[in-house]
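# Architecture at a glance
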Amino acid sequence: MPTIAAGVIRTIRSGGYAERPMTLRHHFRSYLEGVRREGRYRIFADLERDAARPPYARSRDGSDCRDVVVWCSNDYLGMGRHPLVIDAMVKTARRTGTGAGGTRNISGNSHAVVALEAELADLHRKDAALVFSSGYVANEAALGTIGRLLPNCLILSDEKNHASMIAGIRASGAEKRIFRHNDLDHLEVLLRQTGQLRPKVIAFESLYSMDGDIAPISRICDLAAKFHAITYLDEVHAVGLYGARGAGIAERDGVMDRIDVIEGTLAKGFGVVGGYIAADAVICDAIRTAAPSFIFTTAMPPAVAAAARQSVAHLKKSVAVRIAHWLQVGKTRRALRNAGIPIMSSQSHIIPVPVGDPDLCREASALLMEKFALYLQPINYPTVPRGTERLRITPTPFHNDQMIEDLANALCEVWDALRLPYEAIRPVPMLRPQSLVTDASRYSLIATVLGNPGDRHRPGESSADLLSFASKFTPAGAGLLPGEVQLVGHSRQIGQG
Ligand code: PLP
């Protein structure tokens, strides 16, 4: 934002009360005009998610109100409408009231937060966890404190790290060096230049949410061990979704114990709100003691903590939602490929569709909403670099086959209307009913999601085998609700056509 010129400040000071708002308004208006000219002005849709009918939401535009299908929610698994999670929130609010009543310094720890922190420490198999009001605040507080308390600390930061990590590193006052995205050679060069003795933190994400790509966590840990660096991993877009218990990509890759500090959110895969770190007890205690954004803000309300805990606990023992999610992600990707809609190569559940122009990106989004009642938010600068504007599709277990087909058709109509380039169609044949789960790569994909990448498909396996395979990780159907049994049934149905 441009700073207000000194002359204007004088005008404000000397001009008296009447002039003050006018002068500010003038400057802010010209700032907003600049943002509009660059195609970066953000318009937020007025939506009300329908907990009983995911992925539908009611969209309001003036007096107009209609149902739309949401295709870009970060409530990736739909846990925000899970009956157990809603129940935990409602019952706790009735028992304890709505708010926390103060900072933890003033009002103490509400028991629901204590229980949530124990649940999170167990999820990541760490000594302790510390909950914050959001994932953003968790990164800002944790990186800010680690970099400030470690004498002469150097923070090595992946160039695509999230704004909250950048804010934390900046707040720490520590020296920062940026390594090229997921580039181990560059990281090694920087580590070598720094030497063994200087305290170092490697700060990176497991899953980069705008591109959908995944960090080589294990090899970054090898480098960290070689050069005595601390590892700080943001698992915000992976918790709940990956690993046998939903602890994230580090769990899936079997390297969770090699990460010093894991940071996560309760707002995406877990469907509630809040952020956390899980780490050694002394690290958590130091951050609790020193981070202003932990100390000087009202604590998480107990009802929110209880809902988040329920969601984490449920996803630890139930894989049904994860399986259904992956099947629908795979189907969506295949439908778009078959239609020639370009998709960026992504190793995760996120399907980015490149547009490459801010105005066209906004128009594509507006057309999808107006003509097809599909909500897909445009992703423009500064969220992504200029020239790489995109749509970002996040299927959930609740997007059924008809919705996926409708999305592919709508995107084709939008591509035609805006003359956007198609990708050469490389037809990906719809898998024959049984082959969906007997297909080797698909099977190993699901095995990977379930945290057992070593499990390989064996010829002759069928969808029933997949389900019994999945059940190995779901102790005696523990925690499965009727809705989830249906989801497993849905997977079976997909598998059998
Ligand atoms: N870290 C990453 C990588 C994110 O993408 C986000 C938000 O999208 C955050 C942290 C912040 O998490 P929260 O939404 O809980 O504040």
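Below you will find a few notes about this structure. Every chain's residues receive numbers from 1 upward, in the order its sequence appears when written. Restriction of local features to residues with pLDDT of at least 70 applies here, the model being predicted, together with a cutoff of 80 or more for giving and counting side-chain atom pairs; totals for whole chains, interfaces and linings are based on all residues. Note that water and hydrogens are dropped before the side-chain values are worked out from all heavy atoms of the structure.

## As for the site of the ligand
Any residue with a heavy atom positioned within 4 Å of a molecule or strand is treated as near that molecule or strand. All residues adjacent to the ligand are Ser 134, Gly 135, Tyr 136, Asn 139, His 162, Ser 164, Glu 205, Asp 234, Val 236, His 237, Thr 265 and Lys 268. As used in this structure description, the phrase polar contact means that two N or O atoms lie within 3.5 Å; if the pair is within protein, one of them must be able to donate a hydrogen and the other to accept it, and residues adjacent in sequence are counted only when both atoms belong to side chains. Within the contact set of the ligand, an oxygen atom lies 2.6 Å away from a side-chain nitrogen or oxygen of Thr 265. Between the ligand and Lys 268, the relevant distance is 2.9 Å, taken from an oxygen atom to a side-chain nitrogen or oxygen of the residue. With residues, only the protein chains shown are counted as cover, and all accessible areas are computed by Shrake-Rupley using a 1.4 Å probe. Here the ligand loses 84% of its free accessible area of 390 Å² to cover by the protein chains. Here a helix means four or more residues in a row that DSSP labels H or I, a strand means two or more in a row labelled E, and each is numbered from the N terminus. With three residues, the top contributor of residues to the shell around the ligand is helix α5 (residues 135-149). In terms of residue class, the shell around the ligand is built from two nonpolar, seven polar and three charged. The nonpolar class holds Ala, Val, Leu, Ile, Met, Phe, Trp, Tyr, Cys and Pro. Asp, Glu, Lys and Arg form the charged class, and all remaining residues, Gly among them, are polar.

## A look at the packing of aromatic side chains
Whether two aromatic rings pair depends on their centres lying within 6.5 Å, for rings of Phe, Tyr and Trp, where Trp uses its six-membered ring; planes under 30 degrees apart make the pair stacked, over 60 edge-to-face, and the rest tilted. Inspection of every chain in the model, using the stated rule, returns two aromatic pairs. Centre to centre, the rings of Tyr 242 and Trp 326 are 6.0 Å apart; their planes meet at 80 degrees, and the pair counts as edge-to-face. Placement of Tyr 242 in the loop between β10 (230-234) and α9 (249-252) and of Trp 326 in helix α13 (residues 320-339) is noted, with a sequence separation of 84 residues between them. Exposure categories follow from relative accessible area, calculated using a 1.4 Å probe and restricted to protein chains: below 20% of the type maximum is buried, above 50% is exposed, and the middle band is partly exposed. What makes Tyr 242 buried here is its relative accessible area of 0%. Throughout this description, the term charge over a ring refers to an Arg CZ or Lys NZ atom that lies within 6 Å of the ring centre and within 35 degrees of the ring normal. Lying over the aromatic face of Tyr 381, Arg 386 brings its terminal NZ or CZ to 3.8 Å of the ring centre.

## Side note on α5
In a regular helix each residue adds 1.5 Å, so 15 residues correspond to 21 Å; α5 covers 21 Å between its end C-alpha atoms and thus fits that length. By the criterion of burial, α5 is predominantly enclosed, with eleven of the 15 residues buried. Those residues of α5 not exposed but buried are Gly 135, Val 137, Ala 138, Asn 139, Ala 141, Ala 142, Leu 143, Gly 144, Thr 145, Ile 146 and Gly 147. N-cap assignment for α5: the residue whose side-chain oxygen lies 3.2 Å from the backbone N of Tyr 136 is Ser 134. Take the residue count of a helix, subtract one, and multiply by 1.5 Å to get its expected span.

## Examining the sheet that holds β10
Pairing between strands is defined by DSSP: at least two bridges between them are needed. The sheet built from seven strands is open, its strands ordered β4-β12-β11-β10-β7-β5-β6 with mixed pairing. One side of each edge strand has no neighbouring strand; the edge strands of this open sheet are β4 (128-132) and β6 (175-179). The average undirected angle you get between the axes of adjacent strands in this sheet is 20 degrees. Looking at chain direction, β10 and strand β11 (residues 261-265) are connected through three bridges and run parallel. Across the sheet, the residue bridging to Tyr 232 is Val 261, located in β11. Fitted lines through C-alpha atoms give the axes, limited to the stretch in contact for helices. The angle between two N-to-C directions lies from 0 to 180 degrees.

## Some remarks on the nonpolar core
Put simply, a nonpolar core is a bunch of buried Ala, Val, Leu, Ile, Met, Phe, Trp, Tyr and Cys residues held in one set by side-chain atoms that sit within 4.5 Å of each other. With 95 residues, the main nonpolar core has Ile 202, Phe 204, Ile 217, Leu 336 and Leu 391 as its most contacted residues. Core analysis: the next-biggest nonpolar cluster, separate from the first, contains 25 residues, Ala 138, Ala 141, Met 165 and Ile 169 among them.

## A look at the environment of Asn 400
Residue position: Asn 400 is located in the loop between β16 (390-393) and α15 (401-418). What makes Asn 400 partly exposed here is its relative accessible area of 33%. For the pair Asn 400 and Lys 331, spaced 69 residues apart in the sequence, the C-alpha separation amounts to 9.6 Å. Separated by 3.2 Å, the side chain of Asn 400 and the backbone nitrogen of Gln 402 make a polar contact. Reaching out from Asn 400, the side chain makes a polar contact with the backbone nitrogen of Met 403 at a distance of 2.9 Å.

Scope: geometric values only; no functional claims are made or implied.
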